[in-house]
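# Report on the structure
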Amino acid sequence: MQINADLHIHSRFSGATSSSMTIEKLAESAPKKGIDVLATGDCLHREWQKEIKECEKIDDGTFEKRGTRFILSTEVEDMNRVHHLLYFPSFSQVEEFRKRVEKFSTDLDGDGRPKIRLSGIEIAQIAKDFDILIGPAHAFTPWTAMYAYHNSLKDCYGDLADYVSFLELGLSADSDYADRISELHRLTFLTNSDSHSPHPVRLAREFNRMEVKDATFEEIRKAILRRGGNKVVLNVGFPPQEGKYNETACIKCYRHFSLEEAIARGWKCPCGGRIKKGVKDRVRELADLDEPVHPEHRPPYLHIIPLTEIIAKAIGQSSVFTKKVESLWENLVSHFGSEVNVLVDASIDEIAIYSNPAVAEAIDLFRRGKVKIIPGGGGKYGVIEIHPSEEYIPVNFNRQKSLLDF
Ligand SMILES: [Zn+2]
Ligand SMILES: [Zn+2]
């Protein structure tokens, strides 16, 4: 069977998250997005654990609330400010891990994403000791990622680099970016939302389609490790230009710079703000290949844009958080079953019936790659433009196909 899984979110117990990040609300939102499995995030946090434990227990590492499955996960920040993602086989392994890191952290119950005063090597060693999966989160972003502070997996994880089985691409990169770095060819790439809110513009804005025998932790683990025929069959996510750290830019006025210019200016913008290196430039620095070379196991990457954004553009609203956008979204999703179905599979004529001609046309243009994106940078998301009368610089949607093809 195939499942859609978003394996990186945060609960309301992490900093800067929505108070509606509850299991209840997530279980309500996930199916509308077409998601079968969520990773809980924040599973070291006592209060969040209580909420997870109210779910029906499927097995030691799999929980269910009204049809949506959850597996145990957390993100932690190490002493070098690098973020790591961890997936746990059971609550007893969560406890073992907690015990080992307790004396190196002051905020295990303060922040869903705790800081741990250990290196990547030390955290990976503890993960290995308890059979916990570990890999770098949003690996290329400029603030808190592996490649922000290290030049290689080995530099971050030392001898434990071989134990690392996956890498999260982050919103500003896709597999064409990452597969220009040959040390990453061995790894499974994950595309996750890192969502801090259950709103449809955030939750599952990136997700993984996996071939598994059941929607359980053990089966997902096998998919990440590519064992027993299990695997990720499709990475789904933003065109990298839409990510907020795609290009090198000032974090104050968002002016974009070439890498050379940023270096020449000593990473200082004329406005006084700091310039942050974009993911595109960071990958260019790290790449040992001029063009991406995909290993045989690498699945295709499907670029998508949240349906709420397409609707907002189509009806000329500047925000996705309006009643009008939300009601059009609800209509479409309830008729076609999920957002993924609307974006990729439903017939355009039928979409027009359940929304309006402008929305149907915008979805059609999106499917045909007639979308222009002004790249993001410096912490500001890219801006999407969908308008039939304009001239387009199409983004790379060349591998766009129906989800049913995978
Ligand atoms: Zn993070
Ligand atoms: Zn500036």
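These figures come from a predicted structure and were not determined experimentally.

Analysis parameters
- Residues numbered from 1 in each chain as written.
- Chains lettered and ligands numbered in written order.
- Predicted model: local features only at pLDDT ≥ 70, side-chain atom pairs only at ≥ 80, totals over all residues.
- Heavy atoms only, no water.
- Helix = DSSP H or I, 4+ residues; strand = E, 2+ residues; numbered from the N terminus.
- Polar contact = N/O pair within 3.5 Å; in protein donor to acceptor, adjacent residues only side chain to side chain.
- Contact = heavy atoms within 4.5 Å.
- Phe/Tyr/Trp six-rings, centres within 6.5 Å; stacked < 30°, edge-to-face > 60°.
- Buried < 20%, exposed > 50% of the residue type's maximum accessible area, 1.4 Å probe, protein only.
- Lys NZ or Arg CZ within 6 Å of the ring centre and 35° of its normal.
- Donors = N, O, S within 2.8 Å, 3.2 Å for Na, K, Ca; no water.
- Tetrahedral: all angles 85-135°; square planar, octahedral: opposite > 155°, others 65-115°.
- Pairing = 2+ DSSP bridges.
- Patch = residues over 30% accessible without salt bridge, like charges linked within 9 Å, V, L, I, M, F, W, Y side chains within 5 Å.
- Areas by Shrake-Rupley, 256 points an atom, 1.4 Å probe, with all protein chains shown as cover.
- Salt bridge = Lys/Arg side-chain N within 4 Å of Asp/Glu carboxyl O.
- Lys, Arg positive; Asp, Glu negative; His and termini not counted.
- Charge placed at Lys NZ, Arg CZ, Asp CG, Glu CD.
- Core = buried A, V, L, I, M, F, W, Y, C linked by side-chain atoms within 4.5 Å.

### Looking at the side chain of E247
- With respect to the element layout, E247 can be found in the loop between strand 11 (231–237) and strand 12 (249–250).
- Side-chain polar atoms of E247 contact the side chain of H256, separated by 2.8 Å.
- For E247, the contacting residues outside a window of four places in its chain are H256, K276, G278, K280, P375, G376, G377 and G378.

### A short note on the packing of aromatic side chains
- A full pass over the atoms with the stated rule returns six aromatic pairs.
- With a centroid separation of 5.3 Å and 10 degrees between ring planes, the pair formed by F140 and Y147 is classed as stacked. Taken as a pair, F140 and Y147 share a single burial class, namely buried.
- Residues F336 and Y354 carry aromatic rings whose centres are separated by 5.9 Å and whose planes lie at 85 degrees to one another, so their mutual orientation is edge-to-face. One end of the pair, F336, is in helix 12 (residues 323–336); the other, Y354, is in helix 14 (residues 348–354), with 18 residues separating them in the sequence.
- Exposure remark for Y354: the relative accessible area of 32% places this residue in the partly exposed category.
- One residue, K53, lies across the ring of F91, its end atom 4.5 Å from the ring centre.
- Above the face of the F189 ring, R298 is positioned so that its terminal group lies 3.4 Å from the ring centre.

### Some details on the coordination of the zinc ion (ligand 2)
- Around the zinc ion (ligand 2), the protein contributes the donor atoms C250 (SG), C253 (SG), C269 (SG) and C271 (SG), at 2.3 Å from the metal centre.
- Relative to the metal, the four donor atoms surrounding the zinc ion (ligand 2) lie at angles of 104 to 115 degrees, and the coordination shape comes out tetrahedral.
- Here the donor residues of the zinc ion (ligand 2) are spaced in sequence according to C-x2-C-x15-C-x1-C. A residue pair is termed long-range when its members are at least 10 positions apart, and C253 in the loop between strand 12 and helix 9 (259–264) and C269 in the loop between helix 9 and strand 13 (275–276) qualify at 16 residues.

### Some remarks on the coordination of the zinc ion (ligand 1)
- Coordination of the zinc ion (ligand 1) by the protein comes from E75 (OE), H83 (ND1) and H138 (NE2), over a distance range of 2.0 to 2.2 Å.
- Look at where the donors of the zinc ion (ligand 1) fall in the sequence and you get E-x7-H-x54-H. By the burial criterion, E75 is buried, and H83 matches it.

### What about the environment of T322?
- Mapped onto the secondary structure, T322 falls in the loop between helix 11 (307–314) and helix 12.
- Taking C-alpha positions, T322 is 9.8 Å from T308, a pair spaced 14 residues apart along the chain.

### Description of the pairing of strand 7 (residues 133–136)
- Side chains L133 and G135 project from strand 7 onto one buried face, and the interleaved I134 and P136 project onto a second face that is buried too.
- Both strand 6 (residues 83–88) and strand 7 contribute to a ladder of four bridges, which runs antiparallel. Each bridged residue has a counterpart across the sheet, and for L86 the counterpart in strand 7 is I134.

### Brief notes about a positive patch on the surface
- Together, R81, K115, K252, K268 and R274 give the surface a local cluster of positive charge.
- Mapped onto the secondary structure, K252 falls in the loop between strand 12 and helix 9.
- What makes K252 exposed here is its relative accessible area of 57%.

### Examining the side chain of E64
- With respect to the secondary-structure elements, E64 resides in strand 4 (residues 62–65).
- We classify E64 as buried; its relative accessible area is 18%.
- Within the structure, the side chain of E64 is placed 2.6 Å from the side chain of R69, a separation counted as a polar contact.
- In this structure, E64 is in contact with C55, E56, I58 and R69, ignoring residues within four places of it in sequence.

### Observations concerning helix 15 (residues 357–367)
- Turning to helix 15, its buried residues number three or more, namely V359, A360, A362, I363, L365 and F366.
- Structurally, helix 15 contributes buried residues whose contacts are with strand 14 (301–303), helix 11, helix 12, helix 13 (339–345) and helix 14.
- Sitting at the head of helix 15, N356 places a side-chain oxygen 3.0 Å from the backbone nitrogen of A358.
- Once helix 15 finishes, G369 follows within two positions and takes phi at roughly 75 degrees, a positive value.

### Quick word on the nonpolar core
- By size, the foremost hydrophobic cluster in this structure holds 95 residues, and its most contacted members are F97, F140, L167 and L184.
- With residues up to four places along the chain from it excluded, the contact list for L167 reads P136, A139, F140, M146, Y147, L184, L187, T188, F189 and L190.
- Core analysis: the second largest hydrophobic core is formed by 20 residues, I3, M210, A215 and V232 among them.

### A closer look at the pattern of salt bridges
- All chains considered together, the criterion is met by 29 salt bridges.
- Measuring nitrogen to oxygen at the nearest pair gives 2.1 Å for the salt bridge that ties E24 to R66. A residue pair is termed long-range when its members are at least 10 positions apart, and E24 in helix 1 (residues 23–33) and R66 in the loop between strand 4 and strand 5 (68–77) qualify at 42 residues.
- A residue is classified by how much of its surface remains accessible, and E24, at 39% relative accessible area, is partly exposed.
- Linking E385 and K372 is a salt bridge whose minimum nitrogen-to-oxygen distance equals 3.8 Å. In this pair, E385 sits in strand 16 (residues 383–385) while K372 sits in strand 15 (residues 372–374), placing the two residues 13 residues apart along the sequence.
- With relative accessibility at 23%, the residue E385 sits in the partly exposed group.
- A single network of salt bridges, built from pairs that share partners, joins E24, K65 and R66.

### Re the environment of I3
- Relative to the helices and strands, I3 is located in strand 1 (residues 2–6).
- By relative accessible area, which is 1% here, I3 ends up buried.
- Separated by 20 residues in sequence, I3 and I23 have C-alpha atoms that sit 19 Å apart.
- Ignoring any residue separated from it by four or fewer positions in sequence, one finds I3 in contact with D36, V37, N208, R209, M210, V212, A215 and I220.

Just geometry here; none of it tells us what the structure is for.
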